[in-house]
2 protein chains.
Amino acid sequence: MMSLFIFLEIHVGCTEDVISWIRVPSDVREQYLKIKASGLKLQLCTNETQATRENFVRKLRAMGFDISVAEVTAPAPAACRLLKERGLRPHLLVHDDLVPEFAEIDKTNPNCVVLGDAAENFTYANLNEAFRLLIGMEKPVLISLGKGRYYKETDGLKLDVGAYMKALEYACDVQAEVVGKPAKRFFESALAELGVPPEQAIMIGDDIVNDVGGAQQCGMRALQVRTGKYRPSDENHPEVKPDAYVNNLAEAVDIILQHL
Amino acid sequence: MMSLFIFLEIHVGCTEDVISWIRVPSDVREQYLKIKASGLKLQLCTNETQATRENFVRKLRAMGFDISVAEVTAPAPAACRLLKERGLRPHLLVHDDLVPEFAEIDKTNPNCVVLGDAAENFTYANLNEAFRLLIGMEKPVLISLGKGRYYKETDGLKLDVGAYMKALEYACDVQAEVVGKPAKRFFESALAELGVPPEQAIMIGDDIVNDVGGAQQCGMRALQVRTGKYRPSDENHPEVKPDAYVNNLAEAVDIILQHL
């Protein structure tokens, strides 16, 4: 049996520490168990930046997923690798719960700004502080953990990190470096960490650009599920064409298992 | 003598209600008096959106300017005209001190968002509220009182309204309508209100794009002063070429008076 990695888009929604839903794809746990039973390897890919991977995994375990931190790919660890590679010391404008991911990173005398979905930390004062640091740099470096426009929580829609990224980009006349999906480096660093060549990995996701486009850019195959964020108009996307469409996650897993 | 209107860029900085400076151009009051004495008409043009014109004029009067509200052109009154013309009912995300400018505007059941330099009102909650209203509209209408990137106050640089405009534009996939300088309609509505044809008006300002470019777009002549925001690189601007450069406001006024 070839060693096949399945990369799965996942998002855990929660409100007031009560886990309320897994958004995409549906019936994730059942399919997760089926993949595990088949001997295939699975990696969960999330753009979640409101919590550490530890926290994310803790929630999933509470929901019956027998999963470890190493099986989750998320933007913050990818950002840490980039910071270390380039000797960057970040000023963090992120959610309080994400800060521990940067515990081992030198944050003194910052020479870049790392922006995540800071939620309640997106205050006027905090945004001005991040802006002043950036505009004061000879060559401003803005690293964004994602570029989402907005997301839904139980109490309504919220502006996502991408909106604040655009605000700082405009004010500083700088282009942010995005480390979350669909950035090529997000998938590349996950593959490198796992030691898997891209041709042995398949991405399954509902987002035509972030999941499918991002994975294909680094040589992976990618399936789009017709659930969650999927819209029929995705099938006429001018730039991204999935390797296949599947009606749901169960169908994706069946097809993959049949082809082994 | 021909009836000549001089449009003058002006910005009053203040901190904790203490008027601290007039930024651009220097020696405004002396030149202001000289213009008045010559019989020319003067209109002050500001992108100020943190205070009503009444407030702005009160500060100027305290500084020795014998000026009335009608002699000030500012974005909020221009926005009110636009709202009335198009039957728009705004949700306001502006500075508390600007709200009275919209006193006569129907704000029930909003069908657009008006964005100003809201300063401390740029909270996470207020931005989400404005965003939700916009994204819930069949065709979102975002009206911005300016598109400045940032400005300086005594306690440091602050993000200006343009940065927050970009955040909402990106999140809602919409293009804002800007009513402050350099918008053509800013100058047009001032000319219309005064009943002055553009060829009888001259703009004097320090900002190559906002002052000079905006005024020229609606047929006015425009002088750039080599003070304030002026940078030598402005003289190689790819799109805007002033009708003349002057070293300062005094020189501009001298030249104009000589040519009468």
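Note that the structure is predicted; figures quoted are calculated from it, not measured. (Residues numbered from 1 in each chain as written. Chains lettered and ligands numbered in written order. Predicted model: local features only at pLDDT ≥ 70, side-chain atom pairs only at ≥ 80, totals over all residues. Heavy atoms only, no water.)

### Side note on the pairing of strand β4 (residues 41-45) of chain A
Within a regular strand, the side chains alternate between the two sheet faces. Note the threshold: Type-normalised accessible area, obtained with a 1.4 Å probe on protein chains alone, sets the label of each residue: buried when under 20%, exposed when over 50%, and partly exposed for intermediate values. Starting at the N terminus, helices and strands are each numbered in turn, a helix being any DSSP run of H or I of at least four residues and a strand any DSSP run of E of at least two. The definition of a right-handed crossover adopted here requires that, viewed with the strands pointing away, the path from the first strand over the helix to the second runs clockwise.
For β4 of chain A, the buried fraction is high: four of the five residues fall into the buried class. Of the crossover connections in this fold, the one passing from β4 of chain A over helix α2 (residues 53-62) of chain A to the parallel strand β5 (residues 72-73) of chain A is right-handed.

### Focus on the confidence of the model for chain A
Residue and element names in this part refer to chain A. Heads up, the rule is: The quantity called pLDDT is the predictor's confidence in a given residue, expressed from 0 to 100. Residues are treated as being in contact if the distance between any of their heavy atoms lies within 4.5 Å.
Here chain A shows a mean pLDDT of 86. Residues at 70 or above account for 91%. When the criterion is pLDDT under 50, residues 13-26 qualifies, and its contacts beyond four places in sequence or with other chains add up to 38 contacts. For this predicted complex, the interface score ipTM comes out at 0.84, while the overall pTM is 0.84.

### Some thoughts on the relation of the copies chain A and chain B
Defined as follows: Least-squares superposition of the copies uses the C-alpha atoms of those residues scoring a pLDDT of at least 70 in each of them.
By a simple turn and slide, chain A fits onto chain B: the slide is 0.0 Å along the axis, the RMSD is 0.0 Å, and the turn is 180°. Read as a symmetry element, the transformation amounts to a two-fold axis. In this assembly, 100% of the residues forming the interface of chain A have copies in chain B that are likewise at the interface, indicating an isologous arrangement.

### Side note on the pattern of salt bridges
Quick note on the threshold: Any Lys or Arg side-chain nitrogen found within 4 Å of a carboxyl oxygen on Asp or Glu counts as a salt bridge.
If you walk through the whole model with that rule in mind, you get 20 salt bridges over all chains. Across the salt bridge formed by Lys181 of chain A and Asp211 of chain A, the nearest N and O atoms sit 2.9 Å from each other. With Lys181 of chain A in the loop between β11 (177-178) and α6 (184-194) and Asp211 of chain A in helix α7 (residues 208-217), this residue pair connects regions lying 30 residues apart in the sequence. The pair formed by Lys181 of chain A and Asp211 of chain A is uniform in burial state, with each residue classed as buried. A salt bridge links Glu177 of chain B to Arg86 of chain B; its shortest N-O distance comes to 2.6 Å. On the criterion of sequence distance, the pair formed by Glu177 of chain B in strand β11 (residues 177-178) and Arg86 of chain B in the loop between α3 (75-85) and β6 (90-93) is long-range, its members being 91 residues apart. For Arg86 of chain B, a relative accessible area of 41% translates into the label partly exposed. By sharing partners, the salt bridges in this structure join Arg86, Glu177 and Arg185 of chain A into a single network.

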